Structures are given as structure tokens and as C-alpha cells.
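# Coordinate inspection notes
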Amino acid sequence: MDELKETIAKNLVQLRTEARLTQLQLAEMLNYSDKAVSKWERGDAIPDLRVLIKLANIYNITVDDIISSSAHERMVKPKMNTGKKRALIIALSVGLCWFVATVLFMIFFFIHKTEHYAYLAFTFAPFASAVVLTVFSAKWGNWWTNMLACSFVLWSAVLILHIFVIAFTDFRKIYFLYIVAGVFEILIILWFTLRRLYKHKK
């Protein structure tokens, strides 16, 4: 077991160095603390299987490359290329949300009964974009991007409610909506902050 710990620790240090990542950067990508990464690289602990799989995906290798003592030469995928590819995927996905909103706007605009409300199609684009960002953040991001994405979902939903209330009702105490949303925003911040503090204790 000690030999396995030593092998994994040595490989993790080498892989991280080749990828030009700091312990903190790697920890953010894994959604763990840098203390946990430090323990793995010192050989004080072994990452669980889920983390090993995630590490293999990050470095574009197999789990066997991480735990094997015979795997000396590795092809590590440059992080810059991975980041650019992910940014392009996210941008295209968000762009698709706005494209759909534009198509719906054009359809409703040329229908006589709905032309005055055609602009409402665009109110859903920020919410759809926020959902897309939340999904990708959960897959590729860290606690900070996850918190921002969830906040974006919340406030884009508030925007939709605000516009629809103004457009279709006589209710004018709209500030009540923002008070409730503010409470939820505080809960979001507390949730992600407490999760972050908990993981730092690992």
C-alpha cells in the first residue's frame, strides 16, 4: 500500500507539473481543497476512484497511467487548448439560446395578435443561457463559477417574472419580488461558502 501511495504521489506531481498547474488550480478543477491535493502528492492519502477518473480526464490519460509505476512518458493535453475548446462550446450553446429567442421573436412579430408581445421572447434568453452555464459549470467549473451560475439563474428568473407582471397585471409592488430573491441569493452564497469551507477541512 505504501508503495502504491508513493507511485501515485510521484505520478500526480509529474502530471501536474507537465500540465503547468498549481495545486490550487487543480483543486479548483476537482472541486476539492488544495490541502487534499497536497496530501495526495505527499503520499499521505490516495484519491478515491471518482477523483482518479476526473484526474485522468483532465490530463487526457488513463487511470492506469496514474497508478502504474511503469508509465514514465505521458501525453498531457495542454490546459490552454482544453480551456479554449470548452469556452467555444459554452459560447456556441449560449449563442444558440439567443438564436432561438430571435427566431421566436420574428415569428411572434409577424403574427398580428402577438406582435405587441414579441419582445417577450428575449426575456427567456438570459434564463436559458443561465441554465446552460450552470450545466457546464457543474461539469467543468469550480465552486465560484457554480455559485455565479446559480445566481444568474435566480436573477434571470426574477427578470422574467418582473417583465411579465408589469406586462400583464396591475400589481406594482414589484419590490417584494426582489426582497424574496435577495433572501434566496443569500442562501445560495451561504450554501456554496459552507461547502467550500467543509471541503477545505478534508
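As the structure is a prediction and not an experimental result, all values here were calculated from the model. (Residues numbered from 1 in each chain as written. Predicted model: local features only at pLDDT ≥ 70, side-chain atom pairs only at ≥ 80, totals over all residues. Heavy atoms only, no water.)

## Here's the deal with helix H2 (residues 23-30)
Side chains three or four residues apart in an α-helix point the same way, a direct result of the helix having 3.6 residues per turn. Along H2, the positions that sit buried rather than exposed are Leu26, Ala27, Glu28, Met29 and Leu30. Where H2 terminates, the next one or two residues include Asn31, which has phi positive at roughly 65°. (Buried < 20%, exposed > 50% of the residue type's maximum accessible area, 1.4 Å probe, protein only. Helix = DSSP H or I, 4+ residues; strand = E, 2+ residues; numbered from the N terminus.)

## Digging into the pattern of salt bridges
Applying the stated criterion across every chain, the model contains two salt bridges. Here Glu41 ties to Arg16 by a salt bridge, and the two come within 2.5 Å at their closest N and O atoms. One end of the pair, Glu41, is in helix H3 (residues 34-42); the other, Arg16, is in helix H1 (residues 2-18), with 25 residues separating them in the sequence. (Salt bridge = Lys/Arg side-chain N within 4 Å of Asp/Glu carboxyl O.)

## Considerations on the nonpolar core
Judged by nonpolar contacts, the single largest core of 21 residues is most densely connected at Leu26, Leu30, Trp40, Leu55, Tyr59 and Ile66. Sorting the residues of this core by element identifies H1, H2, H3 and helix H4 (49-59) as the ones contributing at least two each. Here the element with the most residues in this core is H4; it accounts for six residues. Residues Val158, Val165, Ile174 and Ala181 belong to the second largest nonpolar core, which totals five residues. (Core = buried A, V, L, I, M, F, W, Y, C linked by side-chain atoms within 4.5 Å.)

## Comments concerning the packing of helix H7 (residues 124-140) against helix H8 (residues 143-168)
Two elements in contact, H7 and H8, have axes separated by 8 Å at closest approach and are oriented at 165°. Classed by the angle they form, the pair H7 and H8 counts as roughly antiparallel. Along this stretch, H7 crosses H8, giving a crossing that reads as left-handed. Between H7 and H8, the contacting residues are Phe124, Pro126, Phe127, Ser129, Ala130, Val131, Leu133, Thr134, Ser137 and Ala138 on the first element and Thr145, Asn146, Ala149, Cys150, Phe152, Val153, Ser156, Ala157, Leu159, Ile160 and Phe164 on the second. Across the contact of H7 with H8, the residue classes break down as 15 nonpolar, six polar and no charged. (Axes fitted to C-alpha atoms, helices over the stretch in contact; angles between N-to-C directions. Parallel < 35°, antiparallel > 145°, perpendicular 65-115°, else oblique. Left-handed = near helix turned anticlockwise from the far one by under 90°. Contact = heavy atoms within 4.5 Å. Nonpolar A, V, L, I, M, F, W, Y, C, P; charged D, E, K, R; others polar.)

## What about the packing of aromatic side chains?
Any two aromatic rings considered together are summarised by their centre-to-centre distance and by the angle between their planes. Per the stated rule, a full pass over the model turns up 11 aromatic pairs. Both rings, one in Phe136 and one in Trp140, keep their centres 5.2 Å apart while their planes meet at 15°; by these two values the pair is stacked. Separated by four residues within a single helix, Phe136 and Trp140 lie in helix H7, roughly one turn from each other. One aromatic cluster is present, formed by Trp98, Phe105, Phe109, Phe110 and Phe122 through successive ring pairs. (Phe/Tyr/Trp six-rings, centres within 6.5 Å; stacked < 30°, edge-to-face > 60°.)

## Overview of the environment of Thr7
Structurally, Thr7 can be placed in helix H1. Beyond its immediate sequence surroundings of up to four residues, Thr7 is in contact with Ile66, Ile67, Ser68 and Ser69.

## Remarks on the state of the cysteines
As enumerated under the stated definition, the model contains zero disulfides in all. You can see Cys97 has no disulfide; the closest cysteine sulfur is in Cys150, sitting 16 Å from it. (Disulfide = S-S within 2.5 Å.)

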